[in-house]
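# Architecture at a glance
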Amino acid sequence: MQARDILSLTPAGLYCPLADVHIDPLRPVPRALITHGHSDHARAGHGAVLATAETLAIMAARYGEGFCGTAQAVRYGEAVTLGPVRVTFLPAGHVLGSAQILIEAGGLRIVVSGDYKRASDPTCAPFEPVRCDVFITEATFGLPVFRHPDAAGEIDKLLHSLTLFPERAHLLGAYPLGKAQRLVALLRQRGYDRPVYLHGAMERLMQLYGELGIALGDLRKVEPGGRESLGGAVVLCPPGALQDLWARRFPDPVAAFASGWMRVRARARQRGVELPLVVSDHAGWDELCATIRETGAGEVWVTHGEEEALVHWCTREGLAARPLNMLGYGDDEAEAEAVAEEAVAEPSA
Amino acid sequence: MNDFAELLDRLAFEPRRNAKLRLMEDFFRTTPDPERGYALAALTGGLSFRNAKPGLVRALIAERTDPVLFALSYDYVGDLSETVALMWPAPSQAGTGHNASPPRLADVVEGLSMTAKTELPGLLARWLDALDETGRWALLKLITGALRIGVSARLAKTAVAGLGGVDPNAVEELWHGLTPPYEPLFAWLEGRAERPEGLVVAPFRPPMLSHPLDEEEFSRLDPAEFCAEWKWDGIRIEAVRELTLEGRRIVRLYSRTGEDITGSFPDLCEALIAEDAFVGALDGELLVLRGGRVESFNVLQQRLNRKAITPRLMQEFPAHIRAYDLLGEGEEDLRPLPFAERRRRLEALVARLAGGRVDLSPLVPFASWEELVAARARPEEAGAGIDAEAVEGVMLKRRDSPYVPGRPKGLWYKWKHDPHLVDTVLMYAQRGHGKRSSYYSDYTFGLWRSGPEGEELVPVGKAYFGFTDEELKELDRFVRRETVNRFGPVREVVHTGERGLVLEVAFEGVQQSTRHKSGVAMRFPRISRIRWDKPPREADRLDYLAGLLPREGTMKTRAGKT
Ligand SMILES: [Zn+2]
Ligand SMILES: [Zn+2]
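Let us look at the structure shown here. Only a predicted model underlies this, so the values are computations on that prediction, with no experimental measurement involved.

## Side note on the overall build of chain A
Broken down by element type, chain A carries 10 helices and 19 strands. In chain A, buried positions account for 60% of the 349 residues. Considering only residue pairs separated by 6 or more positions, chain A has 60% of its internal contacts joining residues 24 or more positions apart.

Here is the structure:
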């Protein structure tokens, strides 16, 4: 049996015919395995869904309780048998509940990484490298220019700016699922204990993280009409809100944005960011290369992102590598927009 | 230099002036000597490294990275220094440089000046190994001369001045006597030492600048309180001539930003050295004068653009100063004196100069704003003569204004902007006064609008200047020939769609008026051209003028109604 017989690429995404199950499908399917809660991976409308309890909770919070036919929660490391296939979810270190999925069949071990990172994150379980024959890796930051610095140092830049400009509101653009919570947790680790303010689009997932046991300290809603008084405060908002009319009501706002994309100055400048913080929930180049080596895989499939460079690197390392050109997975920007839209659609009660 | 790099990085993203100042001030306050001094030098453009070319940087990265990965990365990032800074591999553990401490800016400045060209790649590689990403980026930007972070030398000096709470001009005046790393400057600003006086020979004095004339403000100004000069289309220059303690004659020429440009004008410098009547500082305009005539800015530019200052260039484009202020004479600082007094001293000085390289920018006489408008419209007839083409407007200076560096409010104005133009139709003409009393020289003109009986002309203003004597004669002839009605001294001239005369009228703006039938009044209208060629039907409409009304006014009206 070959890897291609176990996993194939269909218009709905990766498909395992032996178990009749899709992984992170892009359109409604009868049976789905979901790696994590970002909206480009976790969509509503499937029949049966297998995912971690946290991922299911995120999907329910986002799409409502009826987001799928039946939901089954799986623990990290717990093997689930689907016909001739064994499926195991393992921590991916990306966001709360995120998992890599190990698929074993016909003596082959294939790992679908989903999105992952290796840097420490106080809000989720750390990535566990798994030995496998085929490793399917993301490549969001698959160029050797993306080498993420220590996140604590980036948080210190924000804290330094707060002491230098104590009268200015610091608007911190961040993806609402995962990044936002990680930033608050990092701020707390660096000793920042003042309230952190939230744009409406950030509230629900922030609250969910709290319910799932991630302590984030004093979080407050930005009250309508209360923006003028938030000089010197940290305000978390979706990246899209930084350039909104909404942002202009704050006292002399500093537009900060935490993302791996901030590594490249032109991208930060394009978005009008004044304080770029390079904090990423995806593996950077060095992490991608190290992880591929650690898995011991002889074959690497590269999905969303900068496939070309990573495939080139694998080939040079003597690994069989090919790009999986799947459309529909973005970096998490699509995610941020989606959440912002939801927030507009449902006026918070 | 990681700290300096972080400052540069932050400055490059910060659009606000005040925030830039705060970032720099914080840096200067918390960074020790001599590091901050070299940083100040870098920010004011005072460091130049000639050794490092982009080719060297490319060669270094090529030795360390896969060419395909480099090409993909460079393509994505789009900037060589940044790509190299990001891709630079962490030094191998076995290498010697991995635990070296990052270089200070001082090390870099010194290293680059002391190191032989052949050793430069090795040195640069060791620095890049020791720096973090931002440090590498800044170092590469610095040595390839591509540091663009939106900070002017003036802004950096302003930040330094902030350390000691002094006026930035106080730093500016010392500047040319100081060299990196500026330790005496920092010592003074931090109150640890006296002001480092006496270091500067022939120092720069920051210039006084003017405000554009604001229409609103204009109507409140009293012509009797002002002098007017031509605004010359050259470059602002400050010429300082001093004697050193040993009696040596020193001349320095500065641009308006305080850049020492003496080296570009050896001809002027030599001429000024010889002017023994002059010890002090002149403010004026640098112009090219040929055959006693001021050349246009385009001609001046041909000299400014040339790097090599050859005798031929100097002969072809002789540099000249047209002086308009005297800032100091001998030991005396004239800047606190009123303009009129400084002007008197300037006139006396220029009269004593012998070489002909410096002359006086003449005052433009006027008794009323109307007269000044007329002069501005026709400088060649108001004293500028053959130099009129190099005049780009007039300067207004309060007679009692002291010379205040920077852009103080309410003292000096430049009146430069292009006037509005409108094609009107001549409707009535009236006899003039004085020497013009025998001519019909006051003209009432109108614009088209839709009336109850179709298109009609409505009078919008009067003009009685803007034309030459020759044109006046032709206009007078036209009025006499085409008169359709007489009312005392006023003649109505033919003005139908097909027959009549189109006058192009220049004016400074419009305001609402209840006195005018049209509802709008033009400010300082004058005839700019006579359109013998244009049928009256094609003249402009009243709506055009109404559209120029200040928007604020209309908004107020609307708000008042609701
Ligand atoms: Zn994701
Ligand atoms: Zn993804």
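## Quick look at the overall build of chain B
Across its full length, chain B carries 21 helices and 20 strands. Split into buried and exposed, the 562 residues of chain B put 51% on the buried side. Sequence separation of at least 24 residues holds for 68% of the intrachain contacts in chain B that already meet a minimum separation of 6. Summed over all atoms, the accessible surface of chain B reaches about 26500 Å², with 50% contributed by carbon and sulfur.

## Considering the coordination of the zinc ion (ligand 1)
Residue and element names in this part refer to chain A. With distances of 2.1 to 2.2 Å, the protein atoms coordinating the zinc ion (ligand 1) are His36 (NE2), His38 (ND1), His94 (NE2) and Asp115 (OD). With four donor atoms in place around the zinc ion (ligand 1) and angles of 88 to 170° between them, the coordination shape is irregular. Separating the zinc ion (ligand 1) from the zinc ion (ligand 2) is a distance of 3.8 Å, and Asp115 supplies a donor atom to each of them. His38 shares its class with His36; the two are buried.

## Description of the coordination of the zinc ion (ligand 2)
Residue and element names in this part refer to chain A. Around the zinc ion (ligand 2), the protein supplies His41 (NE2), Asp115 (OD), Asp115 (OD) and His304 (NE2) as donor atoms, at distances of 2.1 to 2.6 Å. Its four donor atoms give the zinc ion (ligand 2) angles of 54 to 123° at the centre, a pattern that matches the irregular case. Mapped onto the polypeptide sequence, the residues donating to the zinc ion (ligand 2) form the spacing pattern H-x73-D-x188-H.

## A few points about the interface of chain A and chain B
Across the contact, 33 residues belong to chain A and 29 residues belong to chain B. The tally of links between chain A and chain B comes to nine salt bridges. For Asp66(B), the salt bridge identified is with Arg316(A), shortest N-O distance 2.8 Å. For the interface between chain A and chain B, the tally reads 17 residue pairs in polar contact (both at pLDDT 80 or more). Mapped onto the side of chain A that touches chain B, the elements with two or more residues apiece are α3 (151-164), α7 (265-270), β17 (275-277) and α9 (307-316) of chain A.

## Quick notes on the nonpolar core
Residues and elements named next belong to chain B. Of all hydrophobic cores here, the largest spans 124 residues; its most connected members are Phe4, Met24, Phe28, Leu43 and Leu185. Per element, the largest residue contribution to this core is seven residues, and it comes from helix α1 (residues 2-13). With residues near it in sequence (within four places) discarded, Leu43 still touches Phe4, Leu7, Leu8, Leu11, Met24, Phe28, Ile149, Val151, Ser152, Ala153 and Ala156.

## A word on the packing of aromatic side chains
Taken as a whole and assessed by the stated rule, the structure comprises 22 aromatic pairs over all chains. Taking the centre distance of 4.9 Å and the plane angle of 55° together, the rings of Phe141(A) and Phe146(A) count as tilted. According to the relative accessible area criterion, Phe141(A) is buried, its value standing at 2%. Cluster of aromatic residues (ring-pair linked, three or more members): Phe141(A), Phe146(A), Trp261(A) and Tyr76(B). Positioned over the ring face of Trp301(A) is Arg322(A), at 4.3 Å from the centre of the ring. Positioned above the aromatic ring of Trp415(B) is the side chain of Arg376(B), whose terminal nitrogen or guanidinium carbon lies 4.2 Å from the ring centre.

## Things to note about the pattern of salt bridges
Evaluated as defined, the whole model comprises 68 salt bridges over all chains. Across the pair Asp107(B) and Arg104(B) runs a salt bridge whose closest N-O atoms are separated by 3.0 Å. Owing to a relative accessible area of 31%, Asp107(B) belongs among the partly exposed residues under this scheme. The salt bridge involving Arg192(B) is made with Glu190(B); its shortest N-O contact spans 2.8 Å. Exposure remark for Glu190(B): the relative accessible area of 34% places this residue in the partly exposed category. Because the salt bridges share partners, they merge into one network encompassing Arg168(A), Asp252(A), Glu274(A), Arg10(B), Glu14(B) and Arg16(B).

What counts and how
- Residues numbered from 1 in each chain as written.
- Chains lettered and ligands numbered in written order.
- Predicted model: local features only at pLDDT ≥ 70, side-chain atom pairs only at ≥ 80, totals over all residues.
- Heavy atoms only, no water.
- Helix = DSSP H or I, 4+ residues; strand = E, 2+ residues; numbered from the N terminus.
- Buried < 20%, exposed > 50% of the residue type's maximum accessible area, 1.4 Å probe, protein only.
- Contact = heavy atoms within 4.5 Å.
- Areas by Shrake-Rupley, 256 points an atom, 1.4 Å probe, with all protein chains shown as cover.
- Donors = N, O, S within 2.8 Å, 3.2 Å for Na, K, Ca; no water.
- Tetrahedral: all angles 85-135°; square planar, octahedral: opposite > 155°, others 65-115°.
- Salt bridge = Lys/Arg side-chain N within 4 Å of Asp/Glu carboxyl O.
- Polar contact = N/O pair within 3.5 Å; in protein donor to acceptor, adjacent residues only side chain to side chain.
- Core = buried A, V, L, I, M, F, W, Y, C linked by side-chain atoms within 4.5 Å.
- Phe/Tyr/Trp six-rings, centres within 6.5 Å; stacked < 30°, edge-to-face > 60°.
- Lys NZ or Arg CZ within 6 Å of the ring centre and 35° of its normal.

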